[in-house]
Amino acid sequence: MTDHHAPSGAKIVDRHPVLGLRSPLTPAESAAKARKFGSIYYAEHWLRKLKGYGWTVVMTSVGTPLVYLFAMGVGLATLVDANSNASLDGGSAGPVSYLVFVAPALLATAAIMVASEENTYSVMDGFKWHRTYYGPNASPLSSAQLVNGHVVGVSVRLLMTTGIYFLFLLLFGAVQEGTGWIMIFSAALAGLAFGLPLMAYAASIVEDKGQFAMVQRFVVMPLFLFSGTFFPLDAMPLAVRWIGWISPLWHSTELGRIVSYGYSEPGVLTVVHVLYLLLLCAVGLYFARRNYVRRLGK
């Protein structure tokens with residue numbers, strides 16, 4: 001409320017009649033603030049939109065690890081441990097159970113599944129169906145800030161998913177080392193390494209003709225099956241082993257096994273895992289920004 005009785009020439013400050021807060025920013029101030037913090041604003045919008053299916057997110061985050069860990073820990077792992085004479089390398093910890101071996105792969109797979117969900121149809125929705133990108137893009141927010149905000153929002157969901165999944169791994173006794181919590185971040189990094197190139201691809205699609213279903217069938221599933229998820233990559237034929245070498249799932253799984261139960265591998269290979277995942281993130285982010293600018297023109 002403005003003080004109309006102020007002396008002539010005095011600075012007038014609008015205040016909320018109840019809270020006594022300063023009035024909203026001027027258009028110029030608001031635009032300047034949006035240009036500076038636009039990525040954060042859009043990330044907030046993305047996370048608020050997530051509330052619309054928040055219970056689905058929570059139930060998926062809880063239900064998925066329960067189903068997989070019961071299947072692996074009570075089902076398949078029991079059969080493998082009881083009938084296999086071969087021991088799985090546990091590094092300094094010695095041979096490990098099958099559940100301990102497969103747990104890092106399941107965690108990384110969960111992150112990749114979330115990334116494939118949030119970087120396909122939700123991106124297409126922003127451009128075509130509900131066109132939710134065009135309103136923010138008409139404001140001072142840039143296309144690159146929309147990408148950044150989307151990535152931040154997806155990262156929050158990835159960390160939430162991998163964090164809850166990790167708690168279930170602890171409950172099932174699938175983590176042997178105190179450094180196992182690092183898997184939360186290595187798995188989330190795998191999600192971004194897979195999701196950002198997928199986001200760039202989704203931003204290039206004008207018409208949905210089943211491309212995302214093809215990605216699930218011919219990209220996600222082969223990565224899941226041929227990335228050393230259920231058995232060591234070296235045990236696979238050389239003809240398909242290359243799928244694991246280029247798969248972010250395999251690189252993240254190897255990192256998870258190192259921190260989870262002390263899996264032994266050369267230090268230079270560990271560095272390669274991290275650098276490869278970061279490279280995929282950087283390339284995906286670059287092309288995502290470029291495709292958003294092309295579609296939105298800003």
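Definitions and limits used
- Residues numbered from 1 in each chain as written.
- Predicted model: local features only at pLDDT ≥ 70, side-chain atom pairs only at ≥ 80, totals over all residues.
- Heavy atoms only, no water.
- Helix = DSSP H or I, 4+ residues; strand = E, 2+ residues; numbered from the N terminus.
- Buried < 20%, exposed > 50% of the residue type's maximum accessible area, 1.4 Å probe, protein only.
- Contact = heavy atoms within 4.5 Å.
- Areas by Shrake-Rupley, 256 points an atom, 1.4 Å probe, with all protein chains shown as cover.
- Phe/Tyr/Trp six-rings, centres within 6.5 Å; stacked < 30°, edge-to-face > 60°.
- Lys NZ or Arg CZ within 6 Å of the ring centre and 35° of its normal.
- Patch = residues over 30% accessible without salt bridge, like charges linked within 9 Å, V, L, I, M, F, W, Y side chains within 5 Å.
- Salt bridge = Lys/Arg side-chain N within 4 Å of Asp/Glu carboxyl O.
- Core = buried A, V, L, I, M, F, W, Y, C linked by side-chain atoms within 4.5 Å.
- Axes fitted to C-alpha atoms, helices over the stretch in contact; angles between N-to-C directions.
- Parallel < 35°, antiparallel > 145°, perpendicular 65-115°, else oblique.
- Nonpolar A, V, L, I, M, F, W, Y, C, P; charged D, E, K, R; others polar.
- Polar contact = N/O pair within 3.5 Å; in protein donor to acceptor, adjacent residues only side chain to side chain.
- Left-handed = near helix turned anticlockwise from the far one by under 90°.

> What should I look at first to understand the overall build of the chain in this one?
Helix and strand counts for the chain come out as 11 helices and 0 strands. Burial status across the chain gives 44% buried among its 298 residues. In the chain, of all internal contacts separated by at least 6 residues, the share reaching a separation of at least 24 is 73%. On the chain, roughly 15300 Å² of surface is accessible, and the fraction owed to carbon and sulfur atoms is 68%.

> Hey, could you run me through the packing of aromatic side chains in this one?
Ring pairs (aromatic) are described by centroid distance and by the angle formed between their planes. Inspection of every chain in the model, using the stated rule, returns 11 aromatic pairs. Between phenylalanine 224 and phenylalanine 230, the aromatic rings sit 5.3 Å apart at their centres with planes inclined by 75°, giving edge-to-face as the arrangement. Residue phenylalanine 224 is classed as buried on the basis of its relative accessible area of 9%. Taken together, the ring pairs connect Tyr42, Phe127, Tyr133 and Tyr292 into an aromatic cluster. Geometry around tyrosine 134 places arginine 131 over its ring, the cationic atom sitting 4.2 Å from the centre.

> What is the right way to look at a nonpolar patch on the surface in this model?
A cluster of nonpolar side chains, Leu159, Trp181, Ile182 and Phe185, forms an exposed patch at the surface whose accessible area comes to about 370 Å². Note on placement: leucine 159 falls in helix α6 (residues 143–171).

> Help me understand the pattern of salt bridges, please; the structure alone is not making it clear to me.
Think of it this way: side chains of opposite charge can pair up when their charged atoms draw near. On inspection of all chains with the given rule, the structure shows 5 salt bridges. For glutamate 118, the salt bridge goes to arginine 157, with nearest N and O atoms at 2.4 Å. With glutamate 118 in helix α3 (residues 98–118) and arginine 157 in helix α6, this pair connects stretches of sequence that are 39 residues apart. Among the ionic pairs, lysine 128 bridges to glutamate 207, the shortest N-O distance being 3.2 Å. Within this pair, whereas lysine 128 is found in helix α4 (residues 121–129), its partner glutamate 207 is found in the loop between α7 (183–204) and α8 (211–225), the two being separated by 79 residues in sequence.

> Which parts of the structure should I look at to understand the nonpolar core?
Inside soluble globular proteins, nonpolar side chains tend to come together where they are buried. One finds Val123, Tyr133, Leu169, Met199 and Tyr292 to be the most contacted residues of the largest nonpolar core, which totals 70 residues. In terms of residue count, α7 provides more of this core than any other element does, 15 residues in total.

> Teacher, can you tell me more about the packing of α7 against helix α10 (residues 248–261) here?
A pair of packed helices can be characterised by two numbers: the angle between their axes and the separation between those axes. Put simply, α7 and α10 touch, their axes get as near as 9 Å, and they point 175° apart. Taken together, the axes of α7 and α10 lie roughly antiparallel to each other. For the pair formed by α7 and α10, the contact residues are Met183, Ser186, Ala187, Ala190, Ala193 and Phe194 on the first element and Pro248, Ser252, Leu255, Gly256, Val259 and Ser260 on the second. Of the residues assigned to the contact of α7 with α10, the class counts are 8 nonpolar, 4 polar and no charged.

> Hey, could you run me through the side chain of glutamine 211 in this one?
With respect to the helices and strands, glutamine 211 occurs in helix α8. Owing to a relative accessible area of 19%, glutamine 211 belongs among the buried residues under this scheme. A polar contact is formed between the side chain of glutamine 211 and the backbone oxygen of glutamate 207, at a distance of 3.0 Å. Aside from chain neighbours lying at most four places away, what touches glutamine 211 is Tyr201 and Ile205.

> Hey, could you run me through the environment of glutamate 254 in this one?
Mapped onto the fold, glutamate 254 is located in helix α10. Through-space distance from the C-alpha of glutamate 254 to that of histidine 273 is 7.8 Å; in sequence the pair is 19 residues apart. Those residues in contact with glutamate 254 that sit more than four places away from it in its chain are Tyr263, Glu265 and His273.

> Quick question: what am I supposed to make of the environment of tyrosine 42 here?
Within the fold, tyrosine 42 resides in helix α1 (residues 27–50). With 105 residues separating them in the primary sequence, tyrosine 42 and valine 147 have C-alpha atoms 8.8 Å apart. Every residue in contact with tyrosine 42, bar those within four places of it in the chain, is listed here: Tyr133, Pro136, Leu141, Gln145, Leu146, Gly149 and His150.

> In this structure, what is going on with the packing of α6 against α7? I would like to understand it.
Two numbers describe how α6 lies on α7: the axes approach to 9 Å, and their chain directions differ by 145°. The way α6 lies across α7 gives a crossing that is right-handed. Of α7, the residues touching α6 (which contributes Val147, His150, Val151, Ser155, Leu158, Leu159, Thr162, Gly163, Phe166 and Leu169) are Met183, Ile184, Phe185, Ala187, Ala188, Gly191, Leu192, Leu196 and Met199.

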